[in-house]
Amino acid sequence: MSENILEMRNITKLFPGVKALDNVNLQVKKGTIHALVGENGAGKSTLMNVLSGIYPFGTYEGDIVYEGDICKFAKITDSEEKGIVIIHQELALVPYMTIGENMFLGNEQGRAFAIDWDTTYAEADKYLKVVGLNESSRTLIKDIGVGKQQMVEIAKALAKNARLLILDEPTSSLNEEDSKALLDLLLRFKAEGMTCIIISHKLNEVSYVADEITVIRDGATIETIDNAGHNIDEDRIIRGMVGREIEDRFPKRPHVEIGDVMLEVKDWTVYHPLYQEKKVVDDVSINVRKGEVVGISGLMGAGRTELAMSVFGRSYGTNISGTLLLDGKEVTLRNERAAIKAGLAYVTEDRKGNGLILSNPIRVNTTLANLEGVSSKGVIDPDKEYAVADEYRQKLRTKCTGVEQNVGNLSGGNQQKVLLAKWMFADPDVLILDEPTRGIDVGAKYEIYCIINDLVAQGKSVIMISSEMPELLGMSDRIYVMNEGRIVGEFMQEEATQEKMMAAILRSTTD
Amino acid sequence: MTKAKVAAWFKKYTMMLILVLVVAFFAWRTGGKILLPQNINNLIAQNAYVFILATGMLLCILTGGNIDLSVGSVVCFAGAVGAILMAKGMNLWVAVIVMLGIGLAIGAFQAYWIAYVKVPPFITTLAGMLIFRGLSNVVLQGKTQTVTDATFKKVFGGGAECFVPDLLKGPEGMNLLCVVVGVLACLIYLFITFRGRLSRVKKGYSVEPIFNTIIRSVIIVAVVMYFALQLSKYKGIPTALIWVALVVLIYGYITSKTTMGRYLYAVGGNEKATKLSGIDTRKVYFFAYTNMGVLAALAGILTIARMSSAQPTYGDSYEMDAIGSCFIGGASAYGGVGTVPGVIIGAVLMGVINLGMSIMGIDQNYQKVVKGGVLLAAVIFDVLSKKNDTK
């Protein structure tokens, strides 16, 4: 058991102007699950890209020793031949192809001019069974959920005869249930002799599944922690990651007077835009008061994003019915523009897809939702725009070379700050934050929480949608629990616990 | 300057440098003929339609790499209707308004399907290309309609006397008005540049090094004055240049200084994010394509004035000249990137290559090959430089 299947020795990787990896050492024992943790930009993904041959031999210094041999991978297929398979954070599946076609993409069964579809689908079904996915391999990828897609990725890796499986944040877009299933699958593989390297931000999962944990910070290995007992203290890992103690993961909110109801949603029902008989939000009534943070908890697909977007100027769904009251007055918000005018802001969960223009500078992104604020009669005042963008850069402490830097070149946490700046500049009364801390590191999370506290201190109302229950418990004054399109629980901060919220979800789940 | 700065500078001014090199090349190969006053005048008069169409096309391309294939046919159709109406005795100004109105209507018609019904622009405008080419033939009954109105030709740059008369009565062989206009343009440019700089300094914003500003001003003043002097030695300011300058100034302003301009870039950069920011993206598309119709009609007016006639074949493949100029001028095939000055440089580059090869007497067919090669090279360059950015 103690034999090393993989050893990476003194790996150093330079990018123009940056030392991404500096003498990194990593030892992975055969038949174990090894976790790599570190803040965003610490170098975890770079290290795995070196290992899998995405950065070919010669572009880095140091040695990769795999099963006793020094390896010089020139391309990905070289490492795959040896059984090293990497599953990236962004799923690489083609939506309009079947599961089977996806699994053998680039590895087609039969001959090049005559693909053997019978073998393809038979083999695919076999691997689907191994990962415990109860779907036909002829199902289109677009018709299955993200959790199942992640399973398909794993099955695809198995089809390549993986002996060392590398998973880059495999659970970042999964709900708790699917995450658990995936982690248990990894434990099962381990029992069968497979070795895994898992990169994750979710420390409870790391603690649950990993035998050893290597902490990387600023491109260097800090330490490798033994976790054979699966009971390591999360704060112990965080200390290694950030290099200092984080006394409190959630900043204290100075006492904020909670005022009258600012936004009230009554009997809100929304149907799916394509499958118009499907209710996505079902008779939901919620409210948020001035100076209050209201959390919405729930699993992926519970209808939280759909609720938020349908309230925000009907940007999602069809056949929407129900009443909206803003500051006690009934309003009808026909489109996004009307919603913004009425004082609403929706900060999307998908900052790259729906939130930011990555190819444009911070300045342009900051003013996009409120261009009137820096223009008169349709003509933009460039100096004023610059000043506004710079003001928010300083206020939110966005790390960048200046407001003319393109948003695409920022880290996740700083992109999130730009997105928040954009909506803060629109000066809303109610901010709906959808997964505001997804995919960003511990330090940046803390800063986002501070911004939320500042917002409610100004008397604004915040609705926070999150899949991370500890975050909701730490930040919210009140938490709604949503499941299958309905509100199935409401807790005040004092009484809320993870167990109670989970129970509310499980009790209400039909079928 | 550091290495990175030099690289950034080269990237910013690549097309400018290439243009200088190409002009130098043709100046060498044609023994300086390409720089003769008459040829500079020809460059402007022959390519006026490209400048105008390319400006309009830029707005469409900005929305997401979408192009308008129908412009050549719209040029022809608007021109054909105008020529016939004038032949039937309609007042030239009324005819001009009718032609622009036709462009507006056609633009709005196509824009409606593209913006509100979400028919892909490529298909909508491909249909428009066929429809209006066919209608041009129908209207003209397959024949040539001559344009005789002298005022019309003079105002829109047709015939031999399409120049702004020298109101200042300069000496023989020297159009004083032309020189004065050139000087005025330079003064206005310098005034705007330095006033903007002063106000930024006063408000405490960062400004580029004064050295850069001065160098750029000197180059621009030199180029403008060179053109003005050369033109003044021929017959003065071609009237077509006035229309081009008007379009370039107006659209340069719209794209860089107005909210509508910003929305065009935003839609091309990330349509979903733009929509969620409370912007009606349908209106943005509608604006871009309706506008293209109007500019196509203006190009139609210039075309029939220059040719003194309307024929069913006019405007053929004009859309390709416009699209080519945009991409050579740095517009991105994915949308969201591109500027009016860039596009004008692209159009000038194409024009210079055309003119230079014509003077050298190179076969028309080879000219096409060269133009195609230049277009491909420009887009390859764009794609490669993006790739380096993301790494």
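Residues numbered from 1 in each chain as written. Chains lettered and ligands numbered in written order. Predicted model: local features only at pLDDT ≥ 70, side-chain atom pairs only at ≥ 80, totals over all residues.

Enquirer: Can you lay out the domain arrangement of chain A for me, pointing to particular residues and giving the numbers?
Expert: All names here are of chain A. As far as domains go, chain A holds domain 1 (4-242) and domain 2 (261-508). Counting residues at the interface gives 13 residues for domain 1 and 12 residues for domain 2. For the side of domain 1 that touches domain 2, the elements supplying multiple residues, two or more each, are helix H6 (176-191) and helix H8 (234-242). Looking at which element gives the most residues to the side of domain 1 that touches domain 2, the answer is H8, with 3 residues. (Domains from an automatic or database assignment. Contact = placed C-beta atoms within 7 Å. Helix = DSSP H or I, 4+ residues; strand = E, 2+ residues; numbered from the N terminus.)

Enquirer: Provide a residue-level description of the interface of chain A and chain B, including the pertinent values.
Expert: Taken together, the contact pairs 22 residues of chain A with 20 residues of chain B. Counting residues per element, the ones that place at least two in the side of chain A that touches chain B are helix H10 (336-341), helix H11 (351-355), strand E20 (379-380) and helix H13 (382-396) of chain A. The class makeup of the residues in the side of chain A that touches chain B is 10 nonpolar, 9 polar and 3 charged. (Nonpolar A, V, L, I, M, F, W, Y, C, P; charged D, E, K, R; others polar.)

Enquirer: Which residues make up the sheet that holds strand E16 (residues 318-326) of chain A, and what values do they have?
Expert: Residue and element names in this part refer to chain A. Read across the sheet, 4 strands follow the order E14-E13-E16-E17 without closing on themselves; strand pairing throughout is antiparallel. What marks the edges here is a single partner per strand, and that holds for strand E14 (279-289) and strand E17 (329-331). The sheet shows a mean angle of 15° between the axes of neighbouring strands, direction not considered. With 7 bridges joining them, strand E13 (residues 261-271) and E14 adopt antiparallel strand pairing. For Tyr271, the partnering residue across the bridge sits in E14 and is Lys279. (Pairing = 2+ DSSP bridges. Axes fitted to C-alpha atoms, helices over the stretch in contact; angles between N-to-C directions.)

Enquirer: An account of the packing of helix H3 (residues 37-62) of chain B against helix H14 (residues 318-328) of chain B is requested, with residue identities and associated values reported.
Expert: Residues and elements named next belong to chain B. Put simply, H3 and H14 touch, their axes get as near as 8 Å, and they point 65° apart. Compared by their axis directions, H3 and H14 come out roughly perpendicular. As H3 packs across H14, the resulting crossing turns out to be right-handed. Contacts between H3 and H14 involve Tyr49, Val50, Leu53, Ala54, Met57, Leu58 and Ile61 from the first element and Tyr318, Asp321, Ala322, Ile323, Ser325 and Cys326 from the second. Counted by class, the contact of H3 with H14 contains 11 nonpolar, 1 polar and 1 charged residues. (Parallel < 35°, antiparallel > 145°, perpendicular 65-115°, else oblique. Left-handed = near helix turned anticlockwise from the far one by under 90°.)

Enquirer: Outline unusual backbone geometry, supporting the account with residue identities and numerical values.
Expert: Within the chain, Asp327(A) stands out as a residue other than glycine whose phi angle is a positive 55°. On the secondary structure map, Asp327(A) appears in the loop between E16 and E17. The backbone phi angle of Ser317(B) is positive, close to 60°, even though this residue is not glycine. Tracing the backbone shows Ser317(B) in the loop between strand E2 (309-310) and H14.

Enquirer: I'd love a proper account of the pairing of E16(A), names of residues and values included.
Expert: For a regular strand, side-chain orientation follows a simple rule: the groups alternate between the two sheet faces. All names here are of chain A. Note: E13 against E16, 6 bridges, orientation antiparallel. Residue Glu264 lies in a different strand from E16, and its bridge partner there is Leu325. Sheet analysis places E16 next to E17, joined by 3 bridges and oriented antiparallel. When the sheet's bridge partners are listed, Leu326 is paired in E17 with Lys329. What sits between the antiparallel neighbours E16 and E17 is a turn of 2 residues, in which Asp327 has the positive phi angle 55°.

Enquirer: Can you break down the packing of H3(B) against helix H9 (residues 210-233) of chain B residue by residue, with the values?
Expert: Residue and element names in this part refer to chain B. Interhelical geometry of H3 versus H9 gives an angle of 110° and a closest axis separation of 8 Å. As judged from the angle between their axes, H3 and H9 are roughly perpendicular. Residues Pro37, Ile40 and Asn41 of H3 form the contact with H9, whose own contacting residues are Phe227, Gln230, Leu231 and Lys233.

Enquirer: Which residues make up the sheet that holds strand E11 (residues 212-217) of chain A, and what values go with them?
Expert: As a general point, the strands of a sheet are linked pairwise by backbone hydrogen bonds and lie either parallel or antiparallel. Residue and element names in this part refer to chain A. Pairing within the open sheet is mixed, and its 6 strands lie in the order E6-E9-E10-E3-E11-E12. In the strand order of this sheet, the two ends are held by strand E6 (84-87) and strand E12 (220-226), each with one partner. Mean inter-strand twist for the sheet, computed between neighbouring axes without regard to direction, equals 20°.

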